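Report on the structure
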Amino acid sequence: MEDKRKHIVVLTGAGISAESGIRTFRDSNGLWEEHDIMEVASPEGWRKNRELVLKFYNLRRAQMAEVEPNAAHKALSELEKAYRVTVITQNVDDLHERAGSTNIVHLHGELTKVRSSMDPALIYEWGYKELNPGDKCEKGSQLRPHIVWFGELVPEIERAADISRSADIFMVIGTSLQVYPAAGLMHYAPSHAAVYVIDPNAHELGAGPRVKIIAATATEAVPQLVQQLLNEA
Ligand code: NAD
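Since we're looking at a predicted model, the values are computed, not measured.

The contact between helix H5 (residues 71-78) and helix H8 (residues 218-232) brings their axes to 8 Å, and the two run at 15°. Classified by the angle between their axes, H5 and H8 sit roughly parallel to one another. In the packing of H5 onto H8, the handedness of the crossing is left-handed. Here Ala71, Ala72, Ala75, Leu76 and Glu78 of H5 lie close against H8, whose contacting residues are Ala218, Thr219, Val222, Pro223, Val226 and Leu230. Of the residues assigned to the contact of H5 with H8, the class counts are nine nonpolar, one polar and one charged.

A few words on the sheet that holds strand S7 (residues 123-125). Taking strand neighbours across the sheet as the criterion, the three strands line up as S7-S6-S8 in an open arrangement whose pairing is antiparallel. In the strand order of this sheet, the two ends are held by S7 and strand S8 (143-147), each with one partner. The mean inter-strand angle of the sheet, taken between neighbouring strand axes irrespective of direction, is 45°. Pairing analysis gives five bridges linking strand S6 (residues 109-116) to S8, with the strands arranged antiparallel. Its bridge partner being in S8, Gly109 is matched across the sheet by Ile147. Together, S6 and S8 form the strand contacts of helix H4 (residues 50-66), whose direction differs from that of S6 by roughly 140°.

Ranked by internal contacts, the top residues of the largest apolar core, which has 25 residues, are Ile88, Leu107, Phe170, Leu185, Met186 and Val197. Looking at this core, the elements with two or more residues in it are strand S1 (7-12), helix H7 (157-165), strand S9 (169-173) and strand S10 (194-198). No other element matches H7, which puts four residues into this core. Discounting residues that sit within four places of it in the chain, Ile88 has contacts with Val9, Val10, Leu11, Thr12, Val105, Leu107, Ala160, Ile163, Ser164 and Leu185. One finds Ala72, Leu76, Val85 and Val222 within the second-largest nonpolar core, a separate group that totals 23 residues.

A few words now on the pairing of S9. Among the five residues of S9, five are classified as buried, and the element is accordingly described as predominantly covered. Both faces of S9 are covered, namely the face carrying Ile169, Met171 and Ile173 and the face carrying Phe170 and Val172. As judged from the five bridges shared by S9 and S10, these two strands associate in the parallel manner. Within S10, the residue paired with Met171 across the bridge is Tyr196.

Moving on: the packing of aromatic side chains. Tallied over the full model, the rule gives three aromatic pairs. With 5.6 Å between their ring centres and 40° between their planes, Trp46 and Trp149 make a pair best called tilted. A residue pair is termed long-range when its members are at least 10 positions apart, and Trp46 in helix H3 (residues 43-48) and Trp149 in the loop between S8 and H7 qualify at 103 residues. Taking relative accessible area as the criterion, Trp46 reaches 7% and is therefore assigned buried. Ring geometry for Tyr57 against Trp149: centres 6.5 Å apart, planes inclined by 35°, an arrangement best described as tilted. Taken together, the residues span a long stretch of sequence, with Tyr57 in helix H4 and Trp149 in the loop between S8 and H7 at a distance of 92 residues. The same class applies to Tyr57 as to Trp149, namely buried. Aromatic ring contacts, followed pair by pair, group Trp46, Phe56, Tyr57 and Trp149 into a single cluster. Positioned above the aromatic ring of Trp126 is the side chain of Lys129, whose terminal nitrogen or guanidinium carbon lies 4.3 Å from the ring centre. For Lys212, the ring lying beneath its charged end belongs to Tyr196, and the centroid distance is 5.2 Å.

Our focus in this paragraph is the domain arrangement of the chain. Along its sequence, the chain is organised into domain 1 (1-21 + 69-108 + 154-233) and domain 2 (23-66 + 109-147). Placing the centre of domain 1 and that of domain 2 at their C-alpha centroids yields a distance of 25 Å. Counting residues at the interface gives 17 residues for domain 1, matched by 14 residues for domain 2. In this structure, the connection of domain 1 to domain 2 is made through zero salt bridges. Those elements that provide at least two residues to the side of domain 1 that touches domain 2 are helix H1 (14-18) and helix H6 (95-99). The class makeup of the residues in the side of domain 1 that touches domain 2 is five nonpolar, eight polar and four charged.

Rules used throughout
- Position numbers for residues start from 1 in each chain and track the written sequence from start to end.
- Side-chain atom pairs in this predicted model are given and counted only at pLDDT of 80 or more, local residue features only at pLDDT of at least 70, and totals for whole chains, interfaces and linings cover all residues.
- Side-chain metrics rest on all non-hydrogen atoms present in the structure, leaving aside hydrogens and water.
- The axes used here are C-alpha line fits, helices contributing only the stretch in contact, and every angle between their N-to-C directions lies in the interval 0 to 180 degrees.
- Per the convention used, a helix needs a DSSP run of H or I reaching at least four residues, while a strand needs a run of E reaching at least two, with both numbered from the N terminus.
- Any angle from 65 to 115 degrees is called roughly perpendicular, while one under 35 is roughly parallel, one over 145 is roughly antiparallel, and all others are oblique.
- Working rule for handedness: look at the near helix, and if it is turned counterclockwise from the far one by less than a right angle, call the crossing left-handed; if clockwise, right-handed.
- Note on definitions: a residue-residue contact is assigned when non-hydrogen atoms from the two residues lie within 4.5 Å.
- Side-chain classes follow a simple rule in which Ala, Val, Leu, Ile, Met, Phe, Trp, Tyr, Cys and Pro form the nonpolar group, Asp, Glu, Lys and Arg form the charged group, and the remainder, Gly included, forms the polar group.
- Strands are treated as partners if at least two bridges between them are detected by DSSP.
- Take the buried Ala, Val, Leu, Ile, Met, Phe, Trp, Tyr and Cys residues and link them wherever side-chain atoms come within 4.5 Å; each set so joined is a nonpolar core.
- Exposure is judged per residue with a 1.4 Å probe applied to protein chains only, and the accessible area is read against the type maximum: over 50% gives exposed, under 20% gives buried, and values in between give partly exposed.
- Planes of paired rings set the category: under 30 degrees apart is stacked, over 60 is edge-to-face and the rest tilted, where pairs are Phe, Tyr or Trp rings (Trp by its six-membered ring) whose centres lie within 6.5 Å.
- Only when the NZ of Lys or the CZ of Arg is both within 6 Å of the ring centre and within 35 degrees of the ring normal is a charge said to sit over the ring.
- For the purposes of this description, domain bounds are those given by an automatic or database domain assignment.
- Here, a salt bridge means any Lys or Arg side-chain nitrogen found within 4 Å of an Asp or Glu carboxyl oxygen.

Here it is in structure tokens:
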């Protein structure tokens, strides 16, 4: 049977996880947890120093195990009571899953998965364990984090664009909209769709007539907006 509920598409970035204790990198001068992003999140970095890259993601995995979804992640899962909801996230953490959202596209990969460095189709559930030099795929090549690094293709982008085209409401939360192609997704939302942008620095992001800017943190603004949308459903 056709699902007649309105479709809310939510694009999230590092800012939604900031209040859970995971730092964004724009807010710390292009560093991600004290590291030069190109050293730890690029194919060049991987070629240069695998151990450093593996260690960096081991720390990210360990940190993720210690933090909890916040009120914004939780509120988004509540939307599913009255709407069809797709969360498209640039985050590699699993806080949307743990908050109860059921339909999530991870544009930039997932910390809880690893893949073969030879055959990208060989993807494995890894959980919160360390990934170390010598951990190999079934074809014998080193396993790497299942993360889309800078300079790599974003395999999920076409699907995310299609999803965005079917939005009735489009929300953008906690993303500086500087990393393409994710940043372009809101432009696929049809002209009838209302667009909400939630980010304390939202005024810098540029708005059009249909864009409602909410310059506040995710935990301040998302529960309120979700309540409003549930009342309107
Ligand atoms: P970004 O660091 O470029 O931008 C973060 C945005 O969040 C900024 O615009 C900032 O103003 C906003 N922000 C900060 N605190 C906020 C809060 N409390 N509530 C709402 N917004 C807040 O992040 P991005 O646009 O997501 O791009 C960064 C890239 O780095 C992504 O590709 C992502 O994969 C990766 N990354 C992921 C994580 C994670 O998984 N949690 C963390 C850091 C970086």
